[in-house]
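Listed below are the residues making up each chain.
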Amino acid sequence: ELYAVATSPNEPLLVATGGGDDKGFMWKIGHGDWAKELPGHRDSVTCLAFSSISGKLLATEGGGIEWVRWHPRGYVVLAGSEDSTAWMWNGDKNVFLNMFSGHSSTVTCGDFTPDGKMVCTGSEDASLRIWNPRNGECVHVVRDHPYHTEGLTCLAITSDSTLAITGSKDNSIHIVNITTGRVHSAARCTCEHEEGVTCLAWLGASPFVATGSVDGKVRVWVSLSGDCVTTFSGHSDAIQSISVLANGEHLVSVSLDGTVRVFELN
């Protein structure tokens, strides 16, 4: 089973993947004879992330850690845990910076806003929390009607740092205003899936968002209307992670079926 995929921000063909065999690998699309193993793991490699500035550092995580993200302008690492907390470190100097505590269940997803000023985290407790990364203060808590009714599984943030889009086990996606904490509940903002949403990613600065589902399909949606414009098939089990290459030409997905697939984006 494969659990995680990450694409380099400055090398368009470089991909990293991690799986249940306690191994991580780096490889290049179109170069079948080039691969490098990432040694040292003693548990499943469940999440990976290239550093935002240069892409020269790669963070990998194992048991107990749900996800990992880098600050958009520095070597600060943010990670969410099954113990209901998120943590922040200086990844270059190995120094603890802050802890975010308030969720009542596993912190299943999270990220910095692209401007680096805020942190958003989603949880199995069906809530989204928006934090000040400098002091760890929770600025907004988003939960209950008209928000998700089951645990969050994934989130992404628009390039202007104003909106968070979240997916859930309740088969829906919602959009939240990060500044006010208010949910955009209009029908145009809900992308209905037949089964649970497991992961999502914006296609660059475009109005399109890609989602992965328990049904093994990757779909591309128009975020302004909720219309599905493309469905990628091929996986035979749940999608675990998706990532878009820096050049915007390909989307990479990994699945519990033990395969990585690369799809061309038109």
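Quick notes on the rules
- Residues numbered from 1 in each chain as written.
- Predicted model: local features only at pLDDT ≥ 70, side-chain atom pairs only at ≥ 80, totals over all residues.
- Heavy atoms only, no water.
- Disulfide = S-S within 2.5 Å.
- Helix = DSSP H or I, 4+ residues; strand = E, 2+ residues; numbered from the N terminus.
- Buried < 20%, exposed > 50% of the residue type's maximum accessible area, 1.4 Å probe, protein only.
- 1 Å grid on protein atoms, 1.4 Å probe; cavity = no way out; pocket = protein on both sides within 12 Å on 5 of 7 lines; lining within 4 Å.
- Points joined across faces, edges and corners; volume = space filled by probe spheres on them.
- Nonpolar A, V, L, I, M, F, W, Y, C, P; charged D, E, K, R; others polar.
- Pairing = 2+ DSSP bridges.
- Axes fitted to C-alpha atoms, helices over the stretch in contact; angles between N-to-C directions.
- Phe/Tyr/Trp six-rings, centres within 6.5 Å; stacked < 30°, edge-to-face > 60°.
- UniProt positions renumbered as here; feature names shortened; annotations may be inferred.
- Polar contact = N/O pair within 3.5 Å; in protein donor to acceptor, adjacent residues only side chain to side chain.
- Core = buried A, V, L, I, M, F, W, Y, C linked by side-chain atoms within 4.5 Å.
- Contact = heavy atoms within 4.5 Å.
- Salt bridge = Lys/Arg side-chain N within 4 Å of Asp/Glu carboxyl O.

- The chain appears in an unreviewed UniProt entry as Angio-associated migratory cell protein from Coptis chinensis.

### Description of the state of the cysteines
Phase 1 of the analysis: Scanning all chains against the criterion turns up 0 disulfides.
Phase 2 of the analysis: Here Cys 199 is not cross-linked by a disulfide; its sulfur's nearest cysteine counterpart is in Cys 154, at 6.3 Å.

### So, unusual backbone geometry
Phase 1 of the analysis: That bond from His 145 to Pro 146 is cis: its omega, 5 degrees, falls within 30 degrees of zero.
Phase 2 of the analysis: The residue Pro 146 is located in the loop between strand 14 (138-142) and strand 15 (152-157) in this model.
Phase 3 of the analysis: Unlike most non-glycine residues, Ala 126 shows phi in positive territory, near 70 degrees.
Phase 4 of the analysis: Structurally, Ala 126 can be placed in the loop between strand 12 (119-123) and strand 13 (128-131).
Phase 5 of the analysis: A positive phi angle, near 65 degrees, is found at Asp 144, a position not held by glycine.
Phase 6 of the analysis: Relative to the helices and strands, Asp 144 is located in the loop between strand 14 and strand 15.
Phase 7 of the analysis: For Asp 144, a relative accessible area of 52% corresponds to the exposed category.

### Re the layout of surface pockets
Phase 1 of the analysis: Approximately 200 Å³ is the volume attributed to the second largest pocket.
Phase 2 of the analysis: Considering the residues around the second largest pocket, the lining is formed by His 71, Val 76, Met 88, Leu 97, Phe 112, Gly 116, Lys 117, Asn 132, Pro 133 and Arg 134.
Phase 3 of the analysis: In terms of residue class, the lining of the second largest pocket is built from 5 nonpolar, 3 polar and 2 charged.

### Here we look at the sheet that holds strand 24 (residues 250-255)
Phase 1 of the analysis: The antiparallel open sheet is built from 3 strands, whose spatial order is 23-24-25. Lying at the two open borders of the sheet, with one neighbouring strand each, are strand 23 (239-244) and strand 25 (260-264). Direction aside, the axes of adjacent strands within the sheet are offset by 20 degrees on average.
Phase 2 of the analysis: Direction of pairing for strand 23 relative to strand 24: antiparallel, over a ladder of 5 bridges. Each residue of the ladder has a partner; that of Ile 242, found in strand 24, is Ser 253.

### Quick notes on the packing of aromatic side chains
Phase 1 of the analysis: For the structure on display, the rule yields 5 aromatic pairs.
Phase 2 of the analysis: Ring-pair connections join several aromatic residues into one group, and the members of that group are Trp 87, Trp 89 and Phe 96.

### Details of the UniProt feature "repeat: WD" (unreviewed entry) in the chain
Phase 1 of the analysis: In the numbering used here, UniProt assigns the "repeat: WD" (unreviewed entry) feature to residues 58-90, 100-141, 190-231 and 232-266.
Phase 2 of the analysis: End-to-end, the C-alpha atoms of residues 100-141 are 13 Å apart, and along that stretch the chain is 0% helix and 50% strand.
Phase 3 of the analysis: As annotated, residues 232-266 has a helix share of 0% and a strand share of 51%, and its two end C-alpha atoms lie 12 Å apart.

### A few points about the side chain of Ser 161
Phase 1 of the analysis: Locating Ser 161 in the fold gives a position in the loop between strand 15 and strand 16 (163-168).
Phase 2 of the analysis: Ser 161 sits in the buried class, given a relative accessible area of 9%.
Phase 3 of the analysis: For Ser 161, the side chain forms a polar contact with the main-chain nitrogen of Asp 115, separated by 3.0 Å.

### Digging into the nonpolar core
The tendency in soluble globular proteins is for nonpolar side chains to be buried as a group.
Phase 1 of the analysis: Leu 203, Ala 210, Val 218, Phe 232, Ile 242, Leu 251 and Leu 265 are the most contacted members of the largest nonpolar core, which totals 13 residues.
Phase 2 of the analysis: For this core, the elements supplying multiple residues, two or more each, are strand 19 (197-202), strand 21 (218-222) and strand 23.
Phase 3 of the analysis: The element contributing the most residues to this core is strand 23, with 3 residues.
Phase 4 of the analysis: For Ile 242, the contacting residues outside a window of four places in its chain are Val 5, Cys 199, Leu 200, Ala 201, Ala 210, Thr 211, Gly 212, Val 218, Leu 251, Val 252 and Ser 253.
Phase 5 of the analysis: By size, the runner-up hydrophobic cluster in this structure holds 12 residues, among which are Cys 109, Cys 120, Leu 128 and Tyr 147.

### Overview of the pattern of salt bridges
Phase 1 of the analysis: Throughout the structure, instances matching the rule amount to 3 salt bridges.
Phase 2 of the analysis: In this structure, Asp 111 and Arg 69 form a salt bridge, with 3.8 Å as the shortest nitrogen-oxygen distance. With Asp 111 in strand 11 (residues 107-112) and Arg 69 in strand 7 (residues 65-70), this pair connects stretches of sequence that are 42 residues apart.
Phase 3 of the analysis: In this structure, Glu 124 and Lys 169 form a salt bridge, with 3.0 Å as the shortest nitrogen-oxygen distance. One end of the pair, Glu 124, is in the loop between strand 12 and strand 13; the other, Lys 169, is in the loop between strand 16 and strand 17 (173-177), and 45 residues separate them in sequence.
Phase 4 of the analysis: Judged by relative accessible area, which is 30%, Glu 124 ranks as partly exposed.

### Section: the environment of Asp 237
Phase 1 of the analysis: Along the polypeptide, Asp 237 turns up in the loop between strand 22 (228-232) and strand 23.
Phase 2 of the analysis: Asp 237 gets classed as partly exposed once you look at its relative accessible area, which sits at 33%.
Phase 3 of the analysis: Residues Asp 237 and Trp 27, 210 residues apart in the sequence, show an inter-C-alpha distance of 23 Å.
Phase 4 of the analysis: Those residues in contact with Asp 237 that sit more than four places away from it in its chain are Val 214, Gly 216, Ser 255, Leu 256 and Asp 257.

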